[in-house]
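Structural overview for review
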Amino acid sequence: MERDENGVIGDNSRPNPPFTDGDAGSVSSSNFFLDHVGEVVLTHNSDGLSWKLVESLHTEMDSDHRESESEVNLLMFMLSTSLVGVWYTSLRLAVLNDLFQMYRFTVHVVHKSKTQMSLLIPSVYTFGHKNLEICKTWVNQINASLHMEANRPMDLLVFVNPKSGKGHGCRIWEAVAPLFSQAKVKTKVIVTERAGHARDILVSITTKDLSLYDGVVAVGGDGFFNEILNSLLLLRHKAPFPPAPGNFMHPVESEWNVSVHNVERTVLEPCKHNEDESPLLTGSEDVGPQSQICEQDPEFLFPNEKFRFGIIPAGSTDAIVICTTGARDPVTSALHIILGKRVHLDIAQVVRWKETHASNEEPCVRYAASFAGYGFYGDVITESEKYRWMGPKRYDYAGTKVFLQHRSYEAEVNYLEIEPENSTLGPETDPQVSDSTLWCLPRKPGRVSCRANCAVCNVKSNKGMVGSPSLAQDLQGLRWSKSKGRFLSVGAAVISCRNEKAPDGLVADAHLSDGYLHLILIKECPHPCYLWHLIHLARKGGDPLDFSFVEHHKTPAFTFTSFGKEGVWNMDGELFRAHQLSAQVFRGLISLFATGPEA
């Protein structure tokens, strides 16, 4: 290898010949000059692109360069441990001085932040060589490798909500849009002009037009993503409804054995059913509107492995983004989309049977990706609507007002028990006991949080998605349990619901794709105890479920009936009025451009 007096690689330099290392595949290796670093060996193989300093370069450095050498080693270590992938490359000619010229190409890469592993950072590295053909060969080789990555999207449909959060939706999209252009990802961008605008477009889009895109991206908050999610699933997800409250005790199924433990809790033990029946499917055959809609577009249904959803955070809480990427950062989310990352996400289907006690309407279906909550959660979202002019701060103000009112609601909740649970209500903590000292007794169960490449989510279940008619036989022997009384809140978490105000979320050990809802029932309790519950929710390392007045059940389905005139639910940040409803979860129903949070 020859260098001139400036340390630049000369004309007689040639790339090291490609070599084959057993079954590892072809490996290309060449020497280049890396800007601000020096001479490096650049290697490209099936694992991607890597480089390191030429060993001889270290021995030639004098004492004046010791400080820069330390910085270079730090840079190389960072790349070797946190390089995520190559983004794109470009080639240009650079004239260093009047005596010679060097051809240079830039490699745009993505690596993880040293301080926050879930944060992705784009970087640019420029490699130089005096031989144009060598540079062209490497650019073509890297680009060809990028084109072979089938998971990367080529065409995306993007909806921007200009009013999300603090009204920065357009500004956030303008900041990340160049990343998509540079990566040669085509985007059709629609800036919504009113509430429901995205829904109207997606409801009317044909299968042919939708098939042109690899996915849809929402630039906004959880509520805006919920609008896009429902617009597609309501038309393109074909599945039976969960049972209406009381259907699993219908006279036709009088074989159900009911054993009453106490006034507050009842366990229903089913007998064996035919393969065509299950507790989840009972009564759903008579509900026709959804299946009729699906027949309009039979070629594009969910689940769909090709089509993915993306979220670029611009909302007030952005819980879904935080739970699926580990960071509330628009650039990180954009890079997840560009690199074609994939993670499956459970989705809850919620069916409203009655809006009020006296109403008699057709069932109304909604889908939730993060959370559905009644009582305190519904009151907060209702109260916050009065103060939209306050922006995101309206939730803090509304939450304080609702907390001070300390309202409880009488209701009945029935849920399927999948496995034996360590009940939060032992004899010594029965709600009938009047000793208030028992309300705040701590319990510290072990928790396993969901992470990238999560072993829990990656386990293939033979039950697949709960509620599929072909899987009815897998639900034989499940028990329905009932909890009845006065509740401060009833919540169903699909994911942990982590956000900046609840760093561990409501359910720290909830997973993205394990096929369970986390049913959280907050029984009526003294005001100070509920305050302590909320403090734990807002505290890093806290456990808001660690109280005797809190019931926590993992379940694939539940039903709810309010004993009041009506009920208001918070559905992914949106209002949903329901006096009587049912819910079930579908495991991995959709795919997101994400990987899950890093450890």
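These numbers were taken from a predicted model, which means no experiment stands behind them. (Residues numbered from 1 in each chain as written. Predicted model: local features only at pLDDT ≥ 70, side-chain atom pairs only at ≥ 80, totals over all residues. Heavy atoms only, no water.)

Okay, the confidence of the model for the protein chain next. For the protein chain, per-residue confidence averages 78 on the pLDDT scale, and 71% of positions sit at 70 or higher. When the criterion is pLDDT under 50, residues 249–297 qualifies, and its contacts beyond four places in sequence or with other chains add up to 105 contacts. Here residues 464–473 is a poorly scored stretch, pLDDT under 50, and it has 28 contacts once near neighbours within four places are set aside; other chains count. (pLDDT = per-residue confidence, 0-100. Contact = heavy atoms within 4.5 Å.)

Further remarks concern the environment of Tyr415. Looking at the element boundaries, Tyr415 is found in strand S17 (residues 409–417). Classification of Tyr415 by relative accessible area gives buried; the value is 0%. Separated by 104 residues in sequence, Tyr415 and Leu519 place their C-alpha atoms 8.4 Å apart. (Helix = DSSP H or I, 4+ residues; strand = E, 2+ residues; numbered from the N terminus. Buried < 20%, exposed > 50% of the residue type's maximum accessible area, 1.4 Å probe, protein only.)

Here we take up helix H10 (residues 330–338). Most of H10 is tucked away, with seven of its nine residues classed as buried. Among the residues making up H10, those that are buried are Thr332, Ser333, Ala334, Leu335, His336, Ile337 and Ile338. Following H10 by one or two positions, Gly340 has its phi on the positive side, about 75°.

The next subject is the pattern of salt bridges. A complete count under the given rule lists 19 salt bridges for this structure. With a shortest N-O distance of 3.4 Å, Glu598 and Lys112 are connected by a salt bridge. Remark: Lys112 occurs in strand S6 (residues 102–112) and Glu598 occurs in the segment after strand S24 (580–592); sequence separation between them is 486 residues. With relative accessibility at 19%, the residue Lys112 sits in the buried group. Residues Arg328 and Glu500 are paired through a salt bridge, measuring 2.8 Å at the closest nitrogen-oxygen approach. In this pair, Arg328 is assigned in the loop between helix H9 (319–325) and H10 and Glu500 in the loop between strand S18 (479–493) and strand S19 (517–523), connecting sequence segments 172 residues apart. Given a relative accessible area of 28%, Arg328 falls into the partly exposed group. One continuous salt-bridge network, built from bridges that share partners, spans Arg194, Arg199 and Asp200. (Salt bridge = Lys/Arg side-chain N within 4 Å of Asp/Glu carboxyl O.)

Another point: the nonpolar core. Among the nonpolar cores identified, the biggest contains 94 residues, and Phe225, Phe309, Phe558, Trp569, Ile590 and Leu592 are the most heavily contacted of them. What Phe309 contacts, discounting residues up to four positions off in sequence, is Val216, Phe225, Ile228, Leu229, Leu232, Phe302, Ile590, Ser591, Leu592 and Phe593. Core analysis: the second largest hydrophobic core is formed by 23 residues, Leu120, Val176, Val219 and Ile338 among them. (Core = buried A, V, L, I, M, F, W, Y, C linked by side-chain atoms within 4.5 Å.)

Looking now at the side chain of Ser164. Examined against the element boundaries, Ser164 turns out to sit in the loop between strand S8 (155–160) and helix H4 (169–182). Within the structure, the side chain of Ser164 is placed 2.9 Å from the side chain of Asn161, a separation counted as a polar contact. Once residues lying within four places of it in the same chain are set aside, the contact partners of Ser164 are Val219, Gly220, Gly221, Phe224, Ala314 and Gly315. (Polar contact = N/O pair within 3.5 Å; in protein donor to acceptor, adjacent residues only side chain to side chain.)

A few words on the state of the cysteines. By definition, a disulfide is the covalent link that joins the sulfur atoms of two cysteine residues. All chains considered together, the criterion is met by zero disulfides. Lacking any disulfide linkage, Cys497 is separated from the closest cysteine sulfur, that of Cys323, by 6.1 Å. Exposure remark for Cys497: the relative accessible area of 11% places this residue in the buried category. (Disulfide = S-S within 2.5 Å.)

Before going further, it helps to examine unusual backbone geometry. Cis geometry marks the peptide bond from Phe302 to Pro303; its omega dihedral reads 10°. As for its position among the elements, Pro303 is in the loop between helix H8 (289–294) and strand S13 (308–313). Even without glycine at this site, Lys184 takes up a positive phi of about 60°. Tracing the sequence through the fold places Lys184 in the loop between H4 and strand S9 (186–191). Looking at Lys184, the relative accessible area reads 57%, which means it is exposed. Positive phi values are uncommon outside glycine, yet Cys497 reaches one of about 65°.

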